[in-house]
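Listed below are the residues making up each chain.
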Amino acid sequence: SQRKGIEYNGNLYHSELYGKKDSKYHLNKTEVALNNNILLYHIHEDEWDGHKDLIKNKLLGIFGKGLRYEIDNNFNVLTVPELDRIEFLEKNHLLGNDESAHCVGAYHDNILYAVMCFNVVDIENNIYVLTRFATKDNYIIGGVGNLLLRYFILNNNPKKIMCFADRRWTPSYKNNTYTILGFTYIETL
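Our subject in this report is the structure included herewith.

Definitions and limits used
Residues numbered from 1 in each chain as written. Predicted model: local features only at pLDDT ≥ 70, side-chain atom pairs only at ≥ 80, totals over all residues. Heavy atoms only, no water. Helix = DSSP H or I, 4+ residues; strand = E, 2+ residues; numbered from the N terminus. Contact = heavy atoms within 4.5 Å. Areas by Shrake-Rupley, 256 points an atom, 1.4 Å probe, with all protein chains shown as cover. 1 Å grid on protein atoms, 1.4 Å probe; cavity = no way out; pocket = protein on both sides within 12 Å on 5 of 7 lines; lining within 4 Å. Points joined across faces, edges and corners; volume = space filled by probe spheres on them. Nonpolar A, V, L, I, M, F, W, Y, C, P; charged D, E, K, R; others polar. Expected span 1.5 Å × (residues − 1). Buried < 20%, exposed > 50% of the residue type's maximum accessible area, 1.4 Å probe, protein only. Arc of directions from axis to C-beta. Polar contact = N/O pair within 3.5 Å; in protein donor to acceptor, adjacent residues only side chain to side chain. Core = buried A, V, L, I, M, F, W, Y, C linked by side-chain atoms within 4.5 Å. Pairing = 2+ DSSP bridges. Axes fitted to C-alpha atoms, helices over the stretch in contact; angles between N-to-C directions.

### Side note on the overall build of the protein chain
Check the secondary structure of the protein chain and you find 5 helices and 9 strands. Across the protein chain, helices and strands are ordered from the amino to the carboxyl terminus as β-α-β-α-β-β-α-β-β-β-β-α-β-α. Looking at the protein chain alone, contacts between residues at least 24 apart form 64% of all its contacts between residues at least 6 apart. Element-wise, carbon and sulfur atoms account for 50% of the exposed surface of the protein chain, whose accessible area totals about 11,400 Å².

### Focus: the layout of surface pockets
A volume near 1,600 Å³ is recorded for the largest pocket. Lys58, Ile62, Phe133, Trp169 and Thr177 are, among the 46 residues lining the largest pocket, the residues nearest its centre. Mapped onto the lining of the largest pocket, the elements with two or more residues apiece are strand 2 (38–44), helix 2 (45–62), strand 7 (127–135), strand 8 (139–140), helix 4 (144–156) and helix 5 (177–180). The class makeup of the residues in the lining of the largest pocket is 21 nonpolar, 18 polar and 7 charged. In this model, the second largest pocket occupies a volume close to 590 Å³.

### Quick look at helix 4
Because each turn of an α-helix spans 3.6 residues, side chains separated by three or four positions end up pointing in the same direction. Here helix 4 is 13 residues long and its end C-alpha atoms lie 18 Å apart, about the 18 Å a rise of 1.5 Å per residue gives. Every buried residue belonging to helix 4 is among Val144, Gly145, Leu148, Leu149 and Phe152, and all of these are buried. Across the axial projection of helix 4, the buried residues extend over an arc of 130°, all falling on one side. For helix 4, the exposed residues set more than 90 degrees away from the buried face come down to Arg150 and Leu154. Among the structural elements, strand 4 (76–79), strand 5 (102–108), strand 6 (111–122), strand 7 and strand 9 (160–163) are those in contact with the buried residues of helix 4.

### With respect to helix 3 (residues 82–92)
Among the residues making up helix 3, those that are buried are Arg85, Phe88, Leu89 and Asn92. Around the axis of helix 3, the buried residues are gathered within 95° of arc, so they sit on the same side. Facing away from the buried surface of helix 3 by more than 90 degrees, the exposed residues are Leu83, Glu87 and Lys91. Buried-residue contacts for helix 3 involve helix 2, strand 5, strand 6 and strand 7.

### A word on the side chain of Asn97
Turning to its location among the elements, Asn97 is positioned in the loop between helix 3 and strand 5. Looking at Asn97, its side chain comes within polar contact range of the side chain of Arg85, at 3.0 Å.

### What to know about the nonpolar core
One finds Met116, Phe118, Leu148, Leu149, Ile161 and Phe183 to be the most contacted residues of the largest nonpolar core, which totals 20 residues. Put simply, the parts of the chain that give this core at least two residues each are strand 5, strand 6, strand 7 and helix 4. Of all hydrophobic cores here, the second largest spans 10 residues; its members include Leu34, Ile43, Leu54 and Ile55.

### Some points on the pairing of strand 6
Note that strand 5 and strand 6 share 7 bridges and pair antiparallel. Within the sheet, the bridge partner assigned to Val104 lies in strand 6 and is Met116. Between the end of strand 5 and the start of strand 6, which pair antiparallel, lie 2 residues, with Asp109 showing a positive phi angle near 50°. As paired strands, strand 6 and strand 7 are joined by 8 bridges and run antiparallel to one another. Along strand 7, the bridge assignment pairs Phe118 with Leu130.

### Regarding the sheet that holds strand 5
The 5 strands lie next to each other as 4-5-6-7-9, forming an open sheet whose pairing is mixed. Bordering the open sheet on either side are strand 4 and strand 9, each of which pairs with just one other strand. Taken over all neighbouring pairs, the strand axes of this sheet differ in orientation by 30° on average, direction set aside. Pairing geometry for strand 7 and strand 9, over 4 bridges, is parallel. Residue pairing across strands places Ile127 opposite Lys160, the latter belonging to strand 9. Across the sheet, helix 3 lies against strand 5, strand 6 and strand 7, angled at about 100° from strand 6, the strand it touches most. Running over the sheet, helix 4 touches strand 4, strand 5, strand 6, strand 7 and strand 9 and is turned about 45° from strand 6.

Below you can see the structure in the form of C-alpha cells.
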C-alpha cells in the first residue's frame, strides 16, 4: 500500500526569493516521494490560514476518513444554477468559484453534493477544459465524478476534454481522480 505524507510550506521559507527555492523545488520533492512509494501533499501557509476547514476536509478524504456516500439511483444530475455554483465552489474548492460556461451537479433531496465545471476552449473543434471538480464538505462519494462527466459528455458531445491537476493535491500523475475518470496524462507543466 502507498504511504501518504503532508508537508506544510511556510510562505517565507518556501518561496523562490527569500527561501531560495527554485520553481521546481516542490514538484521535485513530490517526484522523489512518489519514487519512494509516498504520496506527498503540500499545504501552503496562506491556504491553511484562509481555508483551514476545507483543507481539513480534503485531508479527511485523502486518508479515507470522510463521510462515505455511494452513488445510487437517488442522485439527480442537473445543470447547476450560477448562484448555487458560486456558493458551492467558494465553500468546497480551494480555488473557489470560476466563470465556467457549463457546470453540472449531483443532487440528492435537493441538496447539491458535487459539481463539475467545464469551459469551451475551441468552439470550432468542440474542445473543452474541465475547470473544477468538488464534492460537498468532507464527503467521499464513490462514482460521482464518473456520473457527472458522463452526463456532460452525453449532453455536449465534446470531441476532446482536457484538464489540469495541481500536483500538490494530485501527487501521482499515473493514478488519481483524473486517470480513474479516463483522462490520459500528457505532461507536467
